[in-house]
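Geometric and topological summary
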There are 2 protein chains.
Amino acid sequence: MTGHNSFSSRSHTCGELRASHAGEQVTLCGWIQYQRQDLFVILRDFHGLTQLFIPQDESGAQLKEVLCDLPLESVVRVTGEVRQRPPGQENKEMPTGDIEVCVRSVEVLNACRRLPFEIKDFVKKSESLRMQYRYLDLRSVQMQYNLRLRSQMVMKMREYLCNLHGFVDVETPTLFKRTPGGAKEFIVPSREPGRFYSLPQSPQQFKQLLMVGGIDRYFQVARCYRDEGSKPDRQPEFTQVDIEMSFVDQDGIRTLIEGLIQHSWPEDKGQIHVPFPCMTYAEAMKYYGTDKPDTRFEMKLVDISEAFKHTAIGFLQDALNKPQGCVHAFCVPNGATHFKNKDLEVLRELAKTQFNQEVSAVVVKSDGIWKSPLSKLLTESEKQQVCQMTHARAGDLVLLSAGQPQDVCPALGKLRLHCAELLEARGVGIRDPSAFHFLWVVDFPLFLPKEDEPGQLESAHHPFTAPHPLDADLLYSQPHKVRGQHYDLVLNGCEIGGGSIRIHNAKLQQYVLEETLKEDKGLLSHLIEALESGAPPHGGIALGLDRLISIIVGAASIRDVIAFPKSFRGHDLMSNAPDFVPAEDLKPYHISTTWPAGAQKNKGQEP
Amino acid sequence: MTGHNSFSSRSHTCGELRASHAGEQVTLCGWIQYQRQDLFVILRDFHGLTQLFIPQDESGAQLKEVLCDLPLESVVRVTGEVRQRPPGQENKEMPTGDIEVCVRSVEVLNACRRLPFEIKDFVKKSESLRMQYRYLDLRSVQMQYNLRLRSQMVMKMREYLCNLHGFVDVETPTLFKRTPGGAKEFIVPSREPGRFYSLPQSPQQFKQLLMVGGIDRYFQVARCYRDEGSKPDRQPEFTQVDIEMSFVDQDGIRTLIEGLIQHSWPEDKGQIHVPFPCMTYAEAMKYYGTDKPDTRFEMKLVDISEAFKHTAIGFLQDALNKPQGCVHAFCVPNGATHFKNKDLEVLRELAKTQFNQEVSAVVVKSDGIWKSPLSKLLTESEKQQVCQMTHARAGDLVLLSAGQPQDVCPALGKLRLHCAELLEARGVGIRDPSAFHFLWVVDFPLFLPKEDEPGQLESAHHPFTAPHPLDADLLYSQPHKVRGQHYDLVLNGCEIGGGSIRIHNAKLQQYVLEETLKEDKGLLSHLIEALESGAPPHGGIALGLDRLISIIVGAASIRDVIAFPKSFRGHDLMSNAPDFVPAEDLKPYHISTTWPAGAQKNKGQEP
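Before going into details, it helps to say that this report is about the structure given with it. In this text the structure is predicted, and so the values were computed from the model without any measurement.

Residues I243(A), I257(A), F438(A), I243(B), I257(B) and F438(B) are the most contacted members of the largest nonpolar core, which totals 106 residues. In contact with I257(A), other than residues within four places in its own chain, are I243(A), W440(A), L489(A), I541(A) and L543(A).

This is the structure in structure tokens:
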């Protein structure tokens, strides 16, 4: 026997009985969802709801006493006969609504205490209450759907990788050594004084070593760790679908992943089409002001510098007179209709305070009349040109900004998203909630200037990414111009994956680490040694599973696709982790707590 | 395109070309295994070996130069034409031995340095060298087989659970709170002073909470952690196939697991038969002196107390005069032939020093004559009775011991295993190396006396195990007599899994925790609260995946089925983890190292 009822004491789930089962003796197990008129009880399990009918004869008296007095959410096992509901009493909303089970016997498996809230309203409860009573929250239809869809999608991914394409599922250690610059890695004290393991942010080194070891095709649904304090919607532990293969190029990995997502895509979410579109990093920054464009809607950025070649406006002149200086803009269709003056004020303020950029708003009135502080200072031809370049028409709003492209584009890109949200809040459909727009972003720069030391370069992603073959020579002369063989996968404006073709040449890797990045060469000597020992060319990718699933199910947070997430401060509100550990228990690890001045020392620890 | 070559720059693996491919143009990628006579090169990948033939004409000169001068283990891509080997030159030992590939072009993908040892001899190298250069060790046929079999077996388990029986794969947190008595749990400092996460030994609490949350059927291939210092053949992180389901009894879980193992069993390991035999804990202790009997061979323990009712031998008298006193023995068939006097001396010494028990050896000579210090002190009838009871015949060896059963049986049980090993070392076949004997052991005691405080009870397994229904009342009067609904799965004398039906009643759970075990009730209050909130009856099991796979592939150690294991001291010899962390990097976690007196303080940390 297979299916949902094998090995169990029920004959059917609460979601499967139909009119065709009428006359059958069945056993159901589940939770009491509600009781009605001392006559009906609705029983619930993970699969659905079934109406129980209590016979109104002598035999039913005791059943009624048991079933109707039980607190909601109590667990029972009932046996009885399936029968069609009397005509007119069917419930078309309910998959089992054609039948009811006439109860013959009942066994109370566990009475529930009176809960502090009703389960059905639970989703409206505060986030912290949901987390504290997660085991109740998990009973909700939405959480059951999310976790089951996640399980099924991962299963299909495994079938694709393992059964169809010969990938090997290999588990890699999570107790590892600190990587250079691994400031976000949790540490784990060992029993040797001063020595610590660390919980890695990804199996990057191990997956490359597996390629050196001839595993050829590796995957793992890998637990990863990142200690970021309290960033919103980040979890200290998260899951990535980690993939690496040998003798492959960028195209190969991209085709593999497109097939993977198509194969595992949930049927009820419509079809997705492959190949996914592909955009360079330069294009993404230029048209969307971000490396993860939300391509579900237009409102692309346009370079309108050309329109202001001869402008009389001072701040535009100033910007354009500098090398690379530019003016960019985007048009919000019907923005003039939907946005009030106050909204425009808020947008300008936002750009200034949050994105550090001055933005001017132009409301395009009918017949080419502008409402804007700039209006008087512009010639008709300039106005016309701006409208032409941004495709702005009467009733539209144009937002423009001047300066260096690396400042202007990101600010406008963020405003673009903000405008979309604002329009949606006003009831204007901008992004189809059932649309899934996948996009590859490629040709990233290999190195970026260090934020706190701009003369120094750091890896844009990580030091193992191979340079673009066409830029190989630039590495030694103009490393900041080198593009990397890195690719990001973007879905609906969120980065859901990233990977690269790796450096497999030991000398090249050593050069990048020592000469370009000035890393301590000792820390990765085992990797260099491995590359010298017959490393095949290889590349891979990691998909952020929590994020991917949360977008697919339309969850507000990745916490809704994780069974037991941490709160945004990294706490488990149910068990109260992390918790104080007695000083005595720290001794085997040769560590002690250094209490900050004024801290409470008496929480389970001696001073 | 599916299979091993999709998305890659090869057309075939090195293991798949046959005579039927003759005439095809192929591209192979792989490692140079060896070169011969400047004429042949053997190319290797994960799938096998293929012979390359270098044409002896002008076109071949350059190919010869490249291919024959490359160090072994260099990585190349070759294209060429498949052709049948000339008659008489086929290699029947080699799956591709009917063909060779006549090379047309070669690309050196990565030259290998001269390795410090030859790959083919690698398995004979020391364990520490294998660990240090694990990426080379992984290229061995055996490691490739082990890791690939593991991946495939886990995949089949997932198909069985997820696709056939509706189980939901749920990931549970590894950053959790310390459990009561969790002395073996690694701790992870958080950024809040004095507060620590811990890495759990199993997802026990989470899987039960998932049942309370209505997930109904859960599984996870779960990473677990145990800090045991340096026990041989234990790993600080290990993997268990973790399973829990609702509305199930012991039989249901056992049938589920038998099906799981049968479904995932590797084809090349023969058939296994279900149901597995089942033995009570009491029987296992009585007949094998252990709760994990190796049932691949007989030599069972026998209670021979009856034979000595009227004995004149002092130490037997003494033992039998005490309550529960007994004499047990087992017979080693042909032991008299295979064991020398010195062996018997060693066995007695072993029993005394290691197992803390006096053991007497009786060599049964032909026609009932005994060679034993006991011989003169026993009557003929006593001797006859002993031989009858132990089925000892001429040429056999009988080992006997007297005392309390809880001392006698375990000592004899260990001697039984030791004798089997000794016989095998002498070339006597005792255990079929291709045999797989599964066994359920059930009806364990629920509680055991604490070792350091025998008046107190502790859980034999864990405090969540439900008592045997027949013993429910004993819980309140004679808790030490209560059997638990626990079951262990044993394979060839190793425990490879264990589980139980859990307590789902909050009051019962509270009684066990507070009254029987005297635990601090605050620590598990969230679990009690969950049981009160409509917890279904549930039970589960966890299988030790590393151990299971290592037995199936016949590995000497679980390290041989783990890609990157730790050394027995918990070190990663490749990367040198755990490693010293600068004191500066400990500050965010509010901890500092407390150096033992005389320790080296200068290893990367300030004092």
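Back to the text.
According to the stated counting rule, one finds 28 aromatic pairs over all chains in the structure shown. When the ring of F564(A) is compared with that of F206(B), the centres are 4.8 Å apart and the planes differ by 50°; the resulting orientation is tilted. Of the two residues, F564(A) sits in the loop between α16 (545-553) and β23 (579-580) while F206(B) sits in helix α5 (residues 204-212), which places them in two different chains. On the basis of relative accessible area, F206(B) is assigned to the buried category, the value being 2%. Where W265(B) meets F436(B), the ring centres are 4.9 Å apart and the plane angle is 80°; that geometry is what we call edge-to-face. Of this pair, W265(B) sits in the loop between α6 (250-264) and β11 (278-280) while F436(B) sits in the loop between α12 (405-425) and β17 (438-442), and the two are 171 residues apart along the sequence. Each member of the pair, W265(B) as well as F436(B), is classed as buried. Taking the ring centre of F297(A) as reference, the NZ or CZ of R416(A) above it sits at 3.8 Å.

Take unusual backbone geometry next. All names here are of chain B. Cis rather than trans, the peptide bond between V274 and P275 has omega equal to -5°. The residue P275 is located in the loop between α6 and β11 in this model. The backbone of D216 sits at a positive phi, close to 70°, despite the residue not being glycine. Here D216 lies in the loop between α5 and β9 (217-225).

What follows deals with the interface of chain A and chain B. Every contact between the two is made by 133 residues of chain A and, on the other side, 133 residues of chain B. Both faces considered, chain A and chain B share a buried interface measuring about 11300 Å² in area, 56% of it formed by carbon and sulfur atoms. When the area that chain A buries against chain B is broken down by residue, the three leading residues are F7(A), E171(A) and F247(A), summing to 7%. Linking chain A with chain B are 18 salt bridges, by the criterion used here.

This part covers the packing of helix α4 (residues 141-164) of chain A against helix α4 (residues 141-164) of chain B. Two elements in contact, α4(A) and α4(B), have axes separated by 11 Å at closest approach and are oriented at 145°. As α4(A) runs across α4(B), the sense of the crossing is left-handed. Listed contacts from α4(B) to S151(A), M155(A), R158(A), E159(A), C162(A) and N163(A) of α4(A) are S151(B), M155(B), R158(B), E159(B), C162(B) and N163(B). Residues that form the contact of α4(A) with α4(B) fall into these classes: 4 nonpolar, 4 polar and 4 charged.

We now examine the pairing of strand β3 (residues 48-53) of chain B. Residues and elements named next belong to chain B. Across the 6 residues that make up β3, a large majority, 5, are buried. One ladder, built from 6 bridges, connects strand β2 (residues 40-45) with β3; its direction is antiparallel. Bridge pairing in β3 links V41 to L52. Counted between consecutive antiparallel strands, the loop separating β2 from β3 contains 2 residues.

Another point: the packing of helix α14 (residues 506-516) of chain A against helix α15 (residues 525-532) of chain A. Geometrically, a packed helix pair is captured by the angle between its two axes and the distance between the axes. Residue and element names in this part refer to chain A. Where α14 meets α15, the closest approach of the two axes is 8 Å, and the angle between their N-to-C directions is 155°. By the angle between their axes, α14 is roughly antiparallel relative to α15. Together, A506, Q509, Q510 and L513 of α14 and I528, L531 and E532 of α15 make up the contact between the two elements. Split into classes, the residues belonging to the contact of α14 with α15 amount to 4 nonpolar, 2 polar and 1 charged.

Thresholds, definitions, all that
- Residues numbered from 1 in each chain as written.
- Chains lettered and ligands numbered in written order.
- Predicted model: local features only at pLDDT ≥ 70, side-chain atom pairs only at ≥ 80, totals over all residues.
- Heavy atoms only, no water.
- Core = buried A, V, L, I, M, F, W, Y, C linked by side-chain atoms within 4.5 Å.
- Buried < 20%, exposed > 50% of the residue type's maximum accessible area, 1.4 Å probe, protein only.
- Contact = heavy atoms within 4.5 Å.
- Phe/Tyr/Trp six-rings, centres within 6.5 Å; stacked < 30°, edge-to-face > 60°.
- Helix = DSSP H or I, 4+ residues; strand = E, 2+ residues; numbered from the N terminus.
- Lys NZ or Arg CZ within 6 Å of the ring centre and 35° of its normal.
- Buried area = accessible area lost by both parts, 1.4 Å probe.
- Salt bridge = Lys/Arg side-chain N within 4 Å of Asp/Glu carboxyl O.
- Axes fitted to C-alpha atoms, helices over the stretch in contact; angles between N-to-C directions.
- Left-handed = near helix turned anticlockwise from the far one by under 90°.
- Nonpolar A, V, L, I, M, F, W, Y, C, P; charged D, E, K, R; others polar.
- Pairing = 2+ DSSP bridges.
- Parallel < 35°, antiparallel > 145°, perpendicular 65-115°, else oblique.

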